[in-house]
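Close look at the chain arrangement
Now for the letters of each chain:
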Amino acid sequence: MTTRIPARFARCAAEGRPALVTYTMAGDPDLATAQAILDALPAAGADIIELGMPFSDPMADGPGVQAAGQRALANGQTMRKTLSMVEAFRRKDADTPIVLMGYYNPIYIFGVDAFLVAAKAAGVDGMIVVDLPPEEDAELCIPALKADINFIRLATPTTDEARLPTVLNNTSGFVYYVSMNGITGASIKNHAAVGEAVMRIKAHTDLPVVVGFGIKTAEDAARMGRESDGIAVGTAICNAVLGSLDNGKATAGTVGAVTSLVAGLAGGVKRAKEAA
Amino acid sequence: MTVHGANSLRNGPDEQGRFGIFGGRFVAETLMPLIIDLEKAYREAQADPAFKAEVEFLGKHYTGRPSPLYFAERLTEKLGGAKVYFKREELNHTGSHKLNNTVGQILLAKRMGKTRIIAETGAGQHGVATATVCAKFDLPCVVFMGATDVERQYPNVLRMKMLGAEVRAVTAGAGTLKDAMNEALRDWVTNVESTYYLIGTAAGPHPYPEMVRNFQSVIGEEIKAQHFEAEGKLPDAVVACVGGGSNAIGTFHAFLDDPSVKIYGAEAGGHGVDIENGHAASMTGGRPGVLHGNRTYLLQDADGQILEGHSISAGLDYPGVGPEHSYLHDTKRVTYAPITDDEALEAFQLCTRLEGIIPALESAHGLAQVMKVAPTMRKDETIVLCLSGRGDKDVESVGRYLGFNK
Ligand SMILES: Cc1ncc(COP(=O)(O)O)c(C=O)c1O
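What you are looking at is a predicted structure, and each value in this text was computed from that prediction instead of being measured.

1. Focus on the nonpolar core
If you look at soluble globular proteins, the nonpolar side chains tend to sit buried side by side. The biggest cluster of nonpolar side chains holds 151 residues, and the ones touching the most others in it are Phe115(A), Met127(A), Leu140(A) and Tyr176(A). The two domains that each donate at least three residues to this core are domain 1 (18-60 + 98-212) and domain 2 (64-95 + 217-401) of chain B. Among residues more than four places away in sequence, those in contact with Leu140(A) are Tyr104(A), Ile107(A), Val112(A), Leu116(A), Met127(A), Val129(A), Leu132(A) and Phe151(A). With 33 residues, the next largest nonpolar core counts Leu79(B), Cys351(B), Met377(B) and Leu387(B) among its residues.

This is the structure we're talking about:
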């Protein structure tokens, strides 16, 4: 594996802090604005970028991410355009890892082999595909590993000790721990349990563990970053985009709304290990 | 499980929940352990004679099984070909085949110790059947229903509420069955520890397609026995409408290995299959993709985004279909044909006037297929329609279409 992901975690660890993983929706609210947001993320403080591939039926997402995907699709976003966003980003930034996140059907319809070739060429480092559990590894996970793209698996509160090895097998890049049983955008109820779960996963793997779902503020970031190697923020960013729109259209404030939120979160991850 | 011959079409699914390339378990990790538990619990129940006995007891005394096989004499005369029989699933308690499945699954949910039931519904028949067994077994019930369907199937919304269920109207998308299923899945992920998702059709992640099929297979088994009694032979053709495909697979399964029996599934042709997003005929007009936990034929655009589709019938207004039907379509064992809204409305009226039976709009699609096929058959041949539900829920909207309400 020669993706950009391990080096980035190593750098964050050397700085004594967890990585800030940001999720933005490709094409939201329109292609040009989404590109400007993507390009501005590293300077704002994002260490790893998750780029959402919009899907008509996002079964694991709450209203914030659902609406972001609908805005993107309404403005004509396609898989090709999403890959071209990565390509354009790579011309300016050779180091920040990009992870595509979404659902399987648009990839399946693009064609798995063609997709992996195009994604690798565009500069994609990893993928998170919500509706592909280990039981379906032959579909995309194994081909992705062969194409030198990390396949990042979700572990959840329902993933018990017995199942954890199945989930970790074939996982690479990092492990994404979903902080709750629920959809994106809900609130974490039991912070202590999240910390325990992260420690439990770390006992089974040397891979970095990133916590996501329910992290909205710099304070959440500092708190959830204590035990973990990274924290992921998505809904809050999608909502920042929404809040900046005028009649559904991007405004002069849209990119800034995202970068100022991300800068605040970056401050949070810097404080994470100090607070401990 | 029953073992059939190596070439049998009744062997599916395999261990991975596949029927050929279709089916599978395409769900979020949060749900995966639960789905594995569910399969384990179902296998244990299948092996337990007490479970089978309870399903049969309730089938007889609560649902009212067996449902009659009725010779539709005037319709036969009118069509001038094969003898037409109706399998009267509309006479079941709650008015459709849906109760066959909810009785089985509620007993399973009880065995698993679940304390809350959720369901999706299109026409509201599955919602009513779920609310009914939840009342009987004293379990709280939440039914997700698209906002469009809440409006066009309002009588069923009232029934669900009276039975004590909470009905949540889903406004996402076109507000139909697909959107209701998305929302049910979101609820399930959130309440996975306490909640049993009682899926209403032979679709979703493994083991649902197999389990729902098995609970509905009583339809075809009874047809086989009743038809032997009436005619001394197998029927020459069987027909059912296909939404997600539960009444259809329940009707077809017993006949899959009887090559003399022609099998027809009626899909929702809406305004016509040439009109993009104007129909819900996923096998005629779609292609294989992955949604709601399984790979199957789906209506989708070139980029893999799922289309909403359209049908006059809320129960057929779904862009996918159960995976076993996709397999039977590819292997050509079953002929799936689209029926337009207008054809279904015509069949609805014909059945009502000639036989004094008001069919559900879903079932009227099956009948429209019978109206096409029966006249091409000999008079000594027979064709059996699964009359999956009664049309009480539809009289208001059909009245509106036909201009009765002026
Ligand atoms: C009477 C009736 N028939 C058929 C259907 C379609 O479902 P399925 O294809 O699962 O039988 C419905 C669904 O609501 C229904 O109410």
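2. Re helix 7 (residues 154-162) of chain B
Residue and element names in this part refer to chain B. Taken as a whole, helix 7 has its buried residues at Asn 156, Val 157 and Met 160. The buried side chains of helix 7 occupy one side of the element, clustering within an arc of 105° when seen end-on. Residues of helix 7 that are buried make contact with strand 5 (116-121), helix 5 (125-137), strand 6 (141-146), helix 6 (147-152) and strand 7 (166-170).

3. Here's the deal with the packing of aromatic side chains
Under the criterion given, the structure shown has 14 aromatic pairs over all chains. Note on Tyr176(A) and Phe213(A): the rings are 6.2 Å apart at their centroids and 80° apart in plane angle, and the pair reads as edge-to-face. Here the residue Tyr176(A) occupies a position in strand 7 (residues 175-178), and Phe213(A) occupies one in the loop between strand 8 (209-212) and helix 10 (218-224), the gap between them amounting to 37 residues. One exposure class covers both Tyr176(A) and Phe213(A), and it is buried. Ring pairing ties together the aromatic residues Tyr104(A), Tyr108(A) and Phe26(B), which thus form one cluster. Across from the ring centre of Tyr62(B), 5.2 Å away, lies the NZ or CZ of Lys136(B), which sits over that ring.

4. Concerning the site of the ligand
Residues and elements named next belong to chain B. Around the ligand, a shell composed of 18 residues is seen, among which Thr 201, Gly 243, Gly 245, Ser 246 and Ser 388 lie nearest. At a separation of 2.8 Å, an oxygen atom of the ligand approaches a polar backbone atom of Asn 247. The separation between a nitrogen atom of the ligand and a polar side-chain atom of Ser 388 is 2.7 Å. By residue class, the composition of the shell around the ligand is 5 nonpolar, 11 polar and 2 charged. Mapped onto the domain boundaries, the shell around the ligand takes at least three residues apiece from domain 1 (18-60 + 98-212) and domain 2 (64-95 + 217-401).

5. Regarding a nonpolar patch on the surface
All names here are of chain B. There is a patch of nonpolar side chains on the surface, built from Tyr 154, Leu 158 and Met 162 and spanning about 320 Å² of accessible area. For Met 162, the position within the fold is in helix 7. You can call Met 162 exposed: its relative accessible area is 69%.

6. Describing the sheet that holds strand 13 (residues 335-340) of chain B
Residue and element names in this part refer to chain B. Read from one edge of the open sheet, 6 strands run 3-4-14-9-10-13, paired in mixed fashion. Each edge of the sheet is formed by a strand with only one pairing partner; in this case those strands are strand 3 (69-71) and strand 13. The mean angle between the axes of side-by-side strands here comes to 30°, regardless of whether they run parallel or antiparallel. With 5 bridges joining them, strand 4 (residues 83-87) and strand 14 (residues 382-386) adopt parallel strand pairing. What sits directly across from Phe 86, in strand 14, is Leu 385. Those strands touched by helix 14 (residues 341-355) are strand 3, strand 4, strand 10 (262-270) and strand 13, and its axis lies near 85° from that of strand 13.

7. Looking at the interface of chain B and chain A
At the junction of the two partners, chain B supplies 33 residues and chain A supplies 35 residues. Across the chain B to chain A interface the summed buried area is about 2800 Å²; carbon plus sulfur atoms make up 50%. On the chain B side of the contact with chain A, Glu29(B), Arg186(B) and Asp303(B) bury the most area, a combined 24% of that side's loss. For the pair chain B and chain A, the interface holds 5 salt bridges. Among the salt bridges present, the one from Glu136(A) reaches Arg18(B), with a minimum N-O distance of 2.5 Å. Elements supplying a minimum of two residues to the side of chain B that touches chain A: strand 2 (22-26), helix 1 (32-46), helix 8 (177-190), strand 11 (287-291) and strand 12 (293-298) of chain B. Grouping the constituent residues of the side of chain B that touches chain A by class yields 15 nonpolar, 9 polar and 9 charged.

8. Comments concerning the domain arrangement of chain B
Frequently, the measure chosen for interface size is the accessible area removed from exposure when the parts meet. Residues and elements named next belong to chain B. What the domain assignment reports for chain B is domain 1 (18-60 + 98-212) and domain 2 (64-95 + 217-401). Domain 1 and domain 2 are separated by 22 Å when their C-alpha centres are compared. Counting residues at the interface gives 44 residues for domain 1 and 43 residues for domain 2. When domain 1 packs against domain 2, the two sides together hide about 3400 Å² of surface, and 57% of this comes from carbon and sulfur. By the criterion of area lost to domain 2, the three top residues of domain 1 are Phe 22, Arg 152 and Lys 178, representing 21% of everything that side buries. Seen at the junction of domain 1 and domain 2, the total is 2 salt bridges. Two residues, Lys 178 and Glu 308, come together in a salt bridge whose shortest N-O distance is 3.4 Å. The tally of links from domain 1 across to domain 2 stands at 21 residue pairs in polar contact (both at pLDDT 80 or more). Looking at the side of domain 1 that touches domain 2 element by element, the count peaks at 6 residues for helix 8.

9. Topic: the sheet that holds strand 11 of chain B
Strand pairing within a sheet occurs via backbone hydrogen bonds; the two strands may be parallel or antiparallel. Residues and elements named next belong to chain B. Spatial strand order, 1-2-12-11: 4 strands in an open sheet with antiparallel pairing. Every interior strand has two partners, whereas the edge strands, strand 1 (18-19) and strand 11, have only one. Relative to strand 12, strand 2 is paired through 2 bridges, and the arrangement is antiparallel. Of the residues in strand 12, the one forming a bridge with Phe 26 is Gly 293. Sheet strands in contact with helix 13 (residues 323-330) are strand 1, strand 2 and strand 12, and its direction is about 40° off that of strand 12.

10. Comments concerning the packing of helix 1 of chain B against helix 9 (residues 208-216) of chain B
Residue and element names in this part refer to chain B. Interaxial distance between helix 1 and helix 9 falls to 11 Å at its minimum, and their mutual angle equals 30°. Taken together, helix 1 and helix 9 sit at an angle that is classed as roughly parallel. The handedness of the crossing between helix 1 and helix 9 is left-handed. Taken together, the residues of helix 9 that come into contact with helix 1 (itself represented by Leu 38, Tyr 42, Arg 43 and Gln 46) are Tyr 208, Glu 210, Met 211, Asn 214 and Phe 215. Within the contact of helix 1 with helix 9, the residues separate by chemical class into 5 nonpolar, 2 polar and 2 charged.

11. Considering the environment of Glu222(B)
Residues and elements named next belong to chain B. Within the secondary structure, Glu 222 sits in helix 10 (residues 218-231). Along the chain, Glu 222 and Arg 65 lie 157 residues apart, while their C-alpha atoms are 9.3 Å from each other. Here Glu 222 is in contact with Arg 65, Pro 66, Ser 67 and Lys 87, once residues within four sequence places are set aside.

12. Observations concerning the pairing of strand 4 of chain B
Residues and elements named next belong to chain B. In terms of residue burial, strand 4 counts as a mostly covered element, since 4 of its 5 residues are buried. Of the strand pairs in this sheet, strand 3 and strand 4 are connected by 3 bridges, and their pairing is antiparallel. Bridge pairing in strand 4 links Tyr 70 to Phe 86.

Rules used in this analysis
Residues numbered from 1 in each chain as written. Chains lettered and ligands numbered in written order. Predicted model: local features only at pLDDT ≥ 70, side-chain atom pairs only at ≥ 80, totals over all residues. Heavy atoms only, no water. Core = buried A, V, L, I, M, F, W, Y, C linked by side-chain atoms within 4.5 Å. Buried < 20%, exposed > 50% of the residue type's maximum accessible area, 1.4 Å probe, protein only. Domains from an automatic or database assignment. Contact = heavy atoms within 4.5 Å. Helix = DSSP H or I, 4+ residues; strand = E, 2+ residues; numbered from the N terminus. Arc of directions from axis to C-beta. Phe/Tyr/Trp six-rings, centres within 6.5 Å; stacked < 30°, edge-to-face > 60°. Lys NZ or Arg CZ within 6 Å of the ring centre and 35° of its normal. Near = heavy atom within 4 Å. Polar contact = N/O pair within 3.5 Å; in protein donor to acceptor, adjacent residues only side chain to side chain. Nonpolar A, V, L, I, M, F, W, Y, C, P; charged D, E, K, R; others polar. Patch = residues over 30% accessible without salt bridge, like charges linked within 9 Å, V, L, I, M, F, W, Y side chains within 5 Å. Areas by Shrake-Rupley, 256 points an atom, 1.4 Å probe, with all protein chains shown as cover. Salt bridge = Lys/Arg side-chain N within 4 Å of Asp/Glu carboxyl O. Pairing = 2+ DSSP bridges. Axes fitted to C-alpha atoms, helices over the stretch in contact; angles between N-to-C directions. Buried area = accessible area lost by both parts, 1.4 Å probe. Parallel < 35°, antiparallel > 145°, perpendicular 65-115°, else oblique. Left-handed = near helix turned anticlockwise from the far one by under 90°.

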